[in-house]
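A look at the structure
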Amino acid sequence: MKSKEYLEEIRKCEGLERAVLKDIIVEGKRATFRLVTDKTYSREDSDYAAQVSAKYVPAGFTADASVMKSIPESAAVRRYMREWLSKKYPAASAFLGEEDVIVEAGVGGGHFVIRAGKEELTRFQSVGAVDALSKELALRFCGVWSGETQSCVRQEFIVEEEEEPEEYILASRHFPITDYIAIDGAKPERAIYIADLNTEAQNITVCGKVLYVDERVTKKEKPFFFFTVGDGSGQIRTAYFSRKATLEKVRKIKQEDWICLTGNYEIYNGGLAFSAKMVDFGMPPKDFEPEPRPSLPVPARYKKVAPVPVSDFVQSDLFGQSPLPSDLLERDFVVFDLETTGLNNSEASGNIDRIIEIGAVRVHGGKIVEKFASFVACPVRISEEITRITGIDSSMLVGAPEVGDVMADFYKFCDSAALVAHNAQFDIKFVRHYAKAEGYRFDHRLYDTLIFAQSVLRLSNYKLNTIADHFGFKFNHHRAFDDAFVTAKIFIELARINKGIPRY
């Protein structure tokens, strides 16, 4: 039955111009259309409704119409409004109480007011909740409905919580440096874990395996180097300007060597960056494994975001019969990507930006097998620039789970897996920041496809879309799941070409 056309024809009658169809009762070959109206109607109106209804039943059926007058009670409308808002916009409606929904109902419809805090009010306004609710009430209760939102100040209350366990608030981790050979002669004795570089610091040392090294020259023809090193906890990229006296020694540093970089971790171009002043040879103790930090256990079940099976149908055709390396086949990898409200991933540079979308896939046995994807609730309005880049606007985040719930579910999804991302240090800092607030520590082994591609391929640049084009992968760039999916395909292909994944 075409209910829209049916109601349009029914409402041509003056007494039924705001009528709604409550339901249809079918008994044998007879159908009774039960209509509700808030206007005074006549016997002629009922007969007209029966005639119209007869046109909308199958052949062999008879039709009748039952018309009832209804003036809704304010309490019933208020109850329905709260239920509808809770289902439609759960995040924004979480704190709506009985006193926050005001309804004045009468003959011909009514008026309502939604009282909310500043953040919830912004969400309701951004998605046009008042207009949508007005239309819904007209369908449900008849008549013409209008509404408005009003700002109210929430009374603050204190929720007593258990104190955060002291072990979750830890100082930076360090490990001793062995096999030291001087180049610049910094003579460091200990190195800070790369993963623990979160605040500004002077004269610190990181020690890691060289994953990428490139010599370049300035406009004045002075040589300098880009080093990317990893210590098992993370990776870092830095520029280093050599002294004349040590230039030839630095030129002998090659990929797979272990080096120490001593310098400052400071704000540069709005973000934290490591500036290397001195370089020497050195490495962690033999059989070094990064020291894990205390974390809440992996959640027993998913709370808001659960993974679903996914596969790449062209995977087998792409790789053919070429064998994949054993170190890719024998462990799981979670490849992830984020969309955020901005580029600030460090508290040292001001308020850290928000995660608005997370996408990830799990690679098992060298194949993409699971998908994890979700929008993330955001209390600030998405800028036009971010919407232009990602296609995500504030209305798309209404009702999305809170970042704490998403981080808990993502921690479960990453259980027993290594992590992979493109330009990984950017994304992992967001994840670690918001997960730490929930008691979860993302100290997983981390791989970066940008660095991996630099060591395997020779391209004009190593942006994600450039590498994807190199392999012929098509994707919707700047959406988290699409970026994560293509990054996983790139990671698998790089491992195949390299006959293994990077070791550090």
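As the structure is a computational prediction, the values presented were derived from the model and not from experiment.

1. Topic: the overall build of the chain
Helix and strand counts for the chain come out as 15 helices and 20 strands. Principal-axis analysis of the C-alpha atoms places the extent of the chain at approximately 105 × 60 × 50 Å. Here the chain, with 504 residues, has 49% of them falling under the buried criterion. With an accessible surface of roughly 26,200 Å², the chain has 49% of that area assigned to carbon and sulfur atoms. Taking the average location of the 66 positive side-chain charges in the chain and that of its 74 negative ones, the two points are 4 Å from each other.

2. Brief notes about unusual backbone geometry
Positive phi, close to 55°, is recorded for Asp 179, a residue that is not glycine. Examined against the element boundaries, Asp 179 turns out to sit in strand β8 (residues 178-181). In this structure, Lys 499 takes a positive phi of about 60° despite not being glycine. Residue class for Lys 499 comes out exposed when judged on its relative accessible area of 73%.

3. Points about the sheet that holds strand β18 (residues 367-375)
Pairing between the strands of a sheet comes from backbone hydrogen bonds, and it takes one of two forms, parallel or antiparallel. Spatially, β15-β18-β17-β16-β19-β20 is the arrangement adopted by the six strands of the open sheet, whose pairing is mixed. Single-partner strands in this sheet number two, and they are β15 (308-309) and β20 (446-448). In the sheet, strand β19 (residues 417-421) pairs with β20 via three bridges, with the strands oriented parallel. Within the sheet, the bridge partner assigned to Leu 419 lies in β20 and is Leu 446.

4. Some thoughts on the nonpolar core
Membership of the largest hydrophobic core comes to 66 residues, with the highest contact counts inside it found for Phe 333, Phe 336, Met 407, Phe 410, Phe 442 and Leu 457. With nine residues, the single largest contributor to this core is helix α15 (residues 480-498). In this structure, Phe 333 is in contact with Asp 327, Leu 328, Val 361, Arg 362, Val 363, Ala 417, Ala 418, Val 420, Tyr 447, Phe 491 and Ile 501, ignoring residues within four places of it in sequence. Ranked by size, the runner-up nonpolar core spans 22 residues in total, among them Val 206, Ile 236, Tyr 265 and Phe 274.

Reading the values: the criteria
- Residues numbered from 1 in each chain as written.
- Predicted model: local features only at pLDDT ≥ 70, side-chain atom pairs only at ≥ 80, totals over all residues.
- Heavy atoms only, no water.
- Helix = DSSP H or I, 4+ residues; strand = E, 2+ residues; numbered from the N terminus.
- Buried < 20%, exposed > 50% of the residue type's maximum accessible area, 1.4 Å probe, protein only.
- Areas by Shrake-Rupley, 256 points an atom, 1.4 Å probe, with all protein chains shown as cover.
- Lys, Arg positive; Asp, Glu negative; His and termini not counted.
- Charge placed at Lys NZ, Arg CZ, Asp CG, Glu CD.
- Pairing = 2+ DSSP bridges.
- Core = buried A, V, L, I, M, F, W, Y, C linked by side-chain atoms within 4.5 Å.
- Contact = heavy atoms within 4.5 Å.

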